[in-house]
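Residue-level structure breakdown
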Amino acid sequence: MSVRKSQQIHIIRPDGRMRESVLSAIRHLINEIWNYRSHIRIIFKGRFRAAYSGTGLGIFWNYALPLVPLTVYWFLSVLRVFPNFEGVDGATFITFGVTLWFLFAGCIQIPMQVIQSRNKESMKTNFPLSASIVSEFARLLFDTMVRIILVSIIIVSTQSWPTAQGLMLPFMLLPALFLFTGIGVMLGILNVIYNDVSRVVNIILQYGIFVSGVIFPLYDIGILSAFNAINPFAIFIDASRSIVFQGVINNLQNYLVASCLAFIFFAASIRIFFVMEYRVRGIN
């Protein structure tokens, strides 16, 4: 007598997640990322090797390329193009700010790039977009750690010693990482509808580094000073620099307001991403 095995049939509908709450969406995505953690690790290792495959200098490029932008500003500081700022050596001030800028900008760009380039690929597999985004964030984290090592060397060489309060920096950066990741997710979804979004964002980021207090303070420049009072890049970079090198947070009120809004915006963007993922992947 033959026995027929029962099979489960999952019906996926683009509007099947509309009733999910924010907490449910976050819990689902966390479980999704955890279940695919081995795949994420494999993808990261594969892309890490692919970055130097076939090159003469090999793995050297994975460490050298993230440092190139920082070494440009370091070189200009050595030539005294930039003076000391707020009692901090120019090289330390700038490379510290640029490192944070690339970290924050990467949090925006990565979700946009992944959603744009892999939504069609995801249609053919069960590999979720959330896991694809996390695998790319692993690369961003690696690049950031490499830059931090160079900044640490510059700090020692210039003797711009950080304060004990600087140990709070990782916790202070959490709201910024949530905010810019949420922005990247929202813009990534919008970019699927309007392909011009990614181009506009790239242009804004190209100019943004010069008007966000990353290279030099802009406290006394009229309209830019007013703009940076609500510019999240300027708020978080200024707060991070001040806690590390001065032991206090400049414009604490702006930082707290931006942090509260960051968590709210991130939660909203995660739910929208969760609800819209099937549509983004072309599931009708």
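Residues numbered from 1 in each chain as written. Predicted model: local features only at pLDDT ≥ 70, side-chain atom pairs only at ≥ 80, totals over all residues. Heavy atoms only, no water.

**What about the overall build of the protein chain?**
The test is simple: Numbering of helices and strands runs from the N terminus, with a helix taken as a DSSP run of H or I at least four residues long and a strand as a DSSP run of E at least two residues long. Contacts: residue pairs with any heavy atoms within 4.5 Å of one another. Each accessible area is a Shrake-Rupley result for a 1.4 Å probe, and residues are judged covered by the shown protein chains and nothing else.
Of regular secondary structure, the protein chain possesses 11 helices and 0 strands. Order of helices (α) and strands (β) in the protein chain, N terminus to C terminus: α-α-α-α-α-α-α-α-α-α-α. Put simply, 76% of the contacts in the protein chain that link residues at least 6 apart link residues at least 24 apart. By element, 65% of the accessible surface of the protein chain is carried by carbon and sulfur atoms, the whole surface being about 16200 Å².

**Side note on the confidence of the model for the protein chain**
Note the following rule: As a per-residue quantity, pLDDT reports the predictor's confidence and falls between 0 and 100.
Per-residue confidence for the protein chain averages 82 on the pLDDT scale, and 82% of its residues sit at or above 70. Throughout residues 1–6 the model reports pLDDT below 50, and contacts reaching past four residues in sequence, or to other chains, amount to 0 contacts. Note that pLDDT drops below 50 for residues 8–12; the model gives that stretch 2 contacts with residues more than four away or on any other chain.

**Observations regarding the packing of aromatic side chains**
Defined as follows: In summary, the pairing rule links any two rings of Phe, Tyr or Trp, Trp by its six-membered ring, whose centres are within 6.5 Å, and it sorts them by plane angle into stacked for under 30 degrees, edge-to-face for over 60 and tilted for everything else. The rule is simple: take the accessible area with a 1.4 Å probe, protein chains only, and divide by the maximum for that residue type; under 20% is buried, over 50% is exposed, in between is partly exposed.
Following the criterion strictly, the structure yields 9 aromatic pairs and no others. Seen in terms of ring centroids, Phe-178 and Phe-266 are 4.6 Å apart; in terms of plane orientation they differ by 65°. Their pairing is edge-to-face. Residue Phe-178 is found in helix H7 (residues 169–193), and its partner Phe-266 is found in helix H11 (residues 252–280); the two are separated by 88 residues along the sequence. Relative accessible area serves as the criterion here: at 16%, Phe-266 is assigned to the buried category.

**Some points on a positive patch on the surface**
Applied cut-off: The residues that make up patches have over 30% relative accessible area and no salt bridge, and they are joined within 9 Å when like-charged or within 5 Å when they are Val, Leu, Ile, Met, Phe, Trp or Tyr. We count a salt bridge whenever a side-chain nitrogen from Lys or Arg sits within 4 Å of a carboxyl oxygen from Asp or Glu. Neither His nor the chain ends is counted toward charge; the positive residues are Lys and Arg and the negative residues Asp and Glu. The location of each charge is read from NZ of Lys, CZ of Arg, CG of Asp or CD of Glu.
A contiguous patch of positive charge, built from Arg-37, Arg-41, Lys-45 and Arg-49, is present on the exposed surface. Topologically, Arg-37 is positioned in helix H2 (residues 37–50).

**As for the packing of H2 against helix H6 (residues 129–158)**
Two measures define how a pair of helices packs: the angle their axes make with one another and the distance between the axes. Our working definition: Angles here are taken between N-to-C directions and fall from 0 to 180 degrees, while the axes themselves are lines fitted to C-alpha atoms, restricted in helices to the stretch in contact. Roughly parallel means an angle under 35 degrees; roughly antiparallel, over 145; roughly perpendicular, 65 to 115; everything else is oblique. Should the near helix be turned counterclockwise from the far one by less than a right angle, the crossing is left-handed, whereas a clockwise turn marks it as right-handed. Classes in brief: Ala, Val, Leu, Ile, Met, Phe, Trp, Tyr, Cys and Pro nonpolar; Asp, Glu, Lys and Arg charged; the others, Gly included, polar.
H6 packs onto H2 with a crossing angle of 50° between their chain directions and a minimal axis gap of 9 Å. One element, H2, and the other, H6, form an angle in the oblique class. Crossing of H2 against H6: the hand is right-handed. Along the contact surface, H2 presents Ile-40, Ile-43, Phe-44, Arg-47 and Phe-48, while H6 presents Ala-131, Val-134, Ser-135, Glu-136, Ala-138, Arg-139 and Phe-142. Of the residues that constitute the contact of H2 with H6, the class distribution is 8 nonpolar, 1 polar and 3 charged.

**Focus on helix H8 (residues 196–211)**
Applicable threshold: One less than the residue count of a helix, multiplied by 1.5 Å, gives the span that helix is expected to have. A residue's bend is simply the angle between two axes: one fitted to the seven residues ending at it, one to the seven starting at it.
Helix length check: H8 (16 residues) gives 23 Å between terminal C-alpha atoms against 22 Å at 1.5 Å per residue, within 8%. Most pronounced at Leu-205, the bend in H8 amounts to some 25°. Remark: Gly-213 follows H8 within two positions and exhibits a positive phi of approximately 75°.

**A short note on the side chain of Ser-160**
The line we're drawing: Pairs of N or O atoms within 3.5 Å make up the polar contacts considered here, provided that, within protein, one atom can donate a hydrogen while the other can accept it, and that residues adjacent in sequence are counted only when both atoms are side-chain atoms.
Secondary-structure assignment places Ser-160 in the loop between H6 and H7. Here Asp-89 takes part through its backbone nitrogen, which lies 3.3 Å from a polar atom of the side chain of Ser-160. When residues no more than four places from it in sequence are discounted, the contact partners of Ser-160 are Val-88, Asp-89, Thr-92, Ile-155 and Phe-245.

**Quick look at the pattern of salt bridges**
Going through the model one piece at a time under the given rule, you end up with 1 salt bridge. Between Arg-139 and Asp-143 there is a salt bridge, with its nearest N and O atoms 3.3 Å apart. Of this pair, Arg-139 and Asp-143 both sit in helix H6, 4 residues apart, which is roughly one turn of that helix. Note on Asp-143: relative accessible area 13%, which makes it buried.

**Points about a nonpolar patch on the surface**
Together, Leu-57, Phe-60, Trp-61, Leu-65, Val-68 and Val-72 give the surface a local cluster of nonpolar side chains, amounting to about 550 Å² of exposed area. Listing elements by their share of the nonpolar patch, those giving two or more residues are helix H3 (60–64) and helix H4 (68–78). The topology assignment puts Phe-60 in helix H3. Its relative accessible area of 43% is what places Phe-60 among the partly exposed residues.

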